[in-house]
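# Topology and contacts: notes
Chain by chain, the residues:
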Amino acid sequence: MKYVYLLSGFLGSGKTTLLVKFIEHLKNKGLRPAVIMNELGALGFDSEAVEGDVPLRELLDGCICCSPAEKTEAQIQQILYQEEFDVLLIETTGAAHPVASLDVILSPLFADQFDLKGILTVIDAKRFLQRDTLPIQTKALYLEQIRHAHTLIVNKTDLINEEELSELQFTLKQLNNTAEIIEAQHAAIDFEQLTSSTKDTTPHLPSRIGKELRLGSRLDSLEHPYPQYVVEEWVQSLPDSVYRIKGYVQLPSTTHPHLFQYSYGMTQWMAEDVKVKTQLVLIGENIKTAPSLEAFSLKSLLELLYPGRDRVSELITMTEIHQFLDEELLDVRTHPRTRFNLETKRNQIEEKVKKLDCSNWQEKHFLDFVTKRYEHLSTHSN
Ligand SMILES: Nc1nc2c(ncn2[C@@H]2O[C@H](COP(=O)(O)OP(=O)(O)OP(=O)(O)O)[C@@H](O)[C@H]2O)c(=O)[nH]1
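Keep in mind that this is a model prediction, so the values were computed, not measured.

## Some points on the overall build of the chain
Counting secondary structure elements, the chain contains 15 helices and twelve strands. Counting the 382 residues in the chain, one finds 52% classified as buried. Relative to all contacts within the chain whose residues are 6 or more apart in sequence, the contacts with residues 24 or more apart total 71%. For the chain, the accessible area works out to roughly 18,400 Å², and carbon and sulfur atoms hold 51% of it.

Following this line, the structure appears as structure tokens:
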């Protein structure tokens, strides 16, 4: 798993200055950085700031969020498979929206190899105080970069006074009360503190930043085929704070998975002619709390099976669904935990499911799930 930091911030705020210092810090720690730089214009001036021994790819002529996704995907894939590195630093243009940048970086083809450690937004302290002079759209983008940051680096504090700095701090807290705010001159920050989560996070744990803070991503593996209508219903049920979903879904009726994309209320399906891993990347705010496709589909069945049960309507995660079904199977209220009782209970649930008004797919999907839990419990009850 490679750690990824996204460096965002307005033109001239100090992103390249931060990048150079970040690279130096990583090298001193014995870590191998790699860089993707996105510059507007056809020439990569800033890339000269990166020393020759650091793997570097440049995304020229276009902003990361509006240049062709395949091109960016190819660049990221190239760096991933051709270079050896531990941490990927991505410097976006000042014109990039953080959600769109994440969207491009986290392709379902390789999102499982990246662990997003943070979105760092660099702010030019003096220009921020003059933000009202910016055109409306530019200012809106500026504020979005601040709102979605995990860490806000208030740079160029040498150009403002104490009073202006406190005013700035106050405004930033109002815009984003979860981000850590770090003041800096020439982007000289305590990188040790910034990357401390890198040290104690094992690759299999979600990153500290992604868990606690707002904008983030999640990768869900899909273990079963899902009909298109179930995916569409799931997407409709999700909160508005889920901005993007993309990945590969196996439909029950096709040989190969379909590429599925969801963006601001619209879905798109495209047949693939190769075998790819079925998984979905979700991007949004508080994304860890959004129900997974599997949890959604099982919960729909549980609602039919146990109509009016308050507890069922509160189930969100797969862990909660497992726990609920396990308690039903074990019938904790009345029966001792024996394999015999477990089997009886399982048969009862199966009979009930078969009488429900649901599709063949739903029935099979649910019965497979019940069987899995039954097997798990029988192993653990004996
Ligand atoms: N006074 C002052 N100047 C700074 C500071 N940090 C960076 N600069 C200068 O600001 C200018 C822009 O810095 P960069 O690091 O290139 O900013 P950037 O965000 O990468 O710029 P773009 O790539 O054009 O978006 C450079 O001339 C830096 O030397 C600071 O804290 N104070």
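## Here's the deal with the sheet that holds strand β9 (residues 242-249)
Spatially, β8-β12-β9-β10-β11 is the arrangement adopted by the five strands of the open sheet, whose pairing is antiparallel. The open sheet terminates on both sides in strands that have one partner only, identified here as β8 (215-221) and β11 (266-271). For this sheet, the mean angle separating the axes of adjacent strands, direction not counted, is 10°. Across seven bridges, the pairing between β8 and strand β12 (residues 279-285) is antiparallel. By the bridge assignment for β12, Ser 217 is matched with Ile 283. Across the sheet, helix α3 (residues 98-105) is in contact with β8, β9 and β12; its angle to β9 comes to roughly 10°. Each of β9, β10 (258-263), β11 and β12 touches helix α10 (residues 228-237); the most contacted strand, β11, lies at about 155° to it.

## Comments concerning the UniProt feature "domain: CobW C-terminal" (unreviewed entry) in the chain
Under the UniProt annotation, "domain: CobW C-terminal" (unreviewed entry) lies at residues 223-290. Taken as a whole, residues 223-290 contains 15% helix and 40% strand, while its terminal C-alpha atoms sit 18 Å from one another.

## Considerations on the pairing of β11
Bridge count between β10 and β11: six bridges; the pairing is antiparallel. Its bridge partner lying in β11, Ser 263 is registered against Met 266. Taking the residues that link successive antiparallel strands as the turn, the β10-β11 hairpin has two residues, and the phi of Tyr 264 there is positive, at about 40°.

## As for the packing of aromatic side chains
Two aromatic rings, taken as a pair, are described by how far apart their centres are and by the angle between their planes. A complete count under the given rule lists nine aromatic pairs for this structure. With centroids separated by 5.8 Å and ring planes inclined at 80°, the aromatic side chains of Phe 128 and Tyr 142 adopt a geometry described as edge-to-face. Residue Phe 128 is located in helix α4 (residues 125-129), and its partner Tyr 142 is located in helix α5 (residues 136-147); the two are separated by 14 residues in the primary sequence. Their ring planes at 80° and their centres at 5.4 Å tell us that Tyr 306 and Phe 324 sit as a pair that is edge-to-face.

## Quick look at the pattern of salt bridges
What the rule picks out here adds up to 17 salt bridges. Two residues, Asp 124 and Lys 156, come together in a salt bridge whose shortest N-O distance is 3.3 Å. With Asp 124 in strand β5 (residues 114-124) and Lys 156 in the loop between β6 (151-155) and α6 (162-175), the pair connects residues that are 32 residues apart, well separated along the chain. Asp 124 gets classed as buried once you look at its relative accessible area, which sits at 7%. A salt bridge links Asp 220 to Arg 218, with the nearest nitrogen and oxygen atoms 2.7 Å apart. Owing to a relative accessible area of 13%, Arg 218 belongs among the buried residues under this scheme.

Rules behind the numbers
- Along each chain, the written sequence defines residue order, and numbers are assigned to residues from 1.
- In keeping with the model being predicted, local features are shown solely for residues with a pLDDT of at least 70 and side-chain atom pairs are shown and tallied solely at 80 or more, while totals for entire chains, interfaces and linings include all residues.
- Excluded from the side-chain calculation are hydrogens and water; included are all heavy atoms of the structure.
- The way it works is that DSSP assigns letters per residue, a run of H or I at least four long becomes a helix, a run of E at least two long becomes a strand, and they are numbered from the N terminus.
- Type-normalised accessible area, obtained with a 1.4 Å probe on protein chains alone, sets the label of each residue: buried when under 20%, exposed when over 50%, and partly exposed for intermediate values.
- In what follows, a contact means two residues having at least one pair of non-hydrogen atoms within 4.5 Å.
- All accessible areas in this document rest on Shrake-Rupley with a 1.4 Å probe, and a residue is counted as covered only by the protein chains that are shown.
- For two strands to count as paired, DSSP must find a minimum of two bridges between them.
- Helix axes are fitted only over the stretch in contact, all axes being lines through C-alpha atoms; the angle between N-to-C directions runs from 0 to 180 degrees.
- UniProt positions are given in the numbering used here, feature names are shortened, and annotations may be inferred rather than shown by experiment.
- Aromatic pairing here means that ring centres of Phe, Tyr or Trp (its six-membered ring) are within 6.5 Å. Orientation follows from the plane angle: under 30 degrees is stacked, over 60 is edge-to-face, and everything else is tilted.
- The working definition used for a salt bridge is a side-chain nitrogen of Lys or Arg within 4 Å of a carboxyl oxygen of Asp or Glu.

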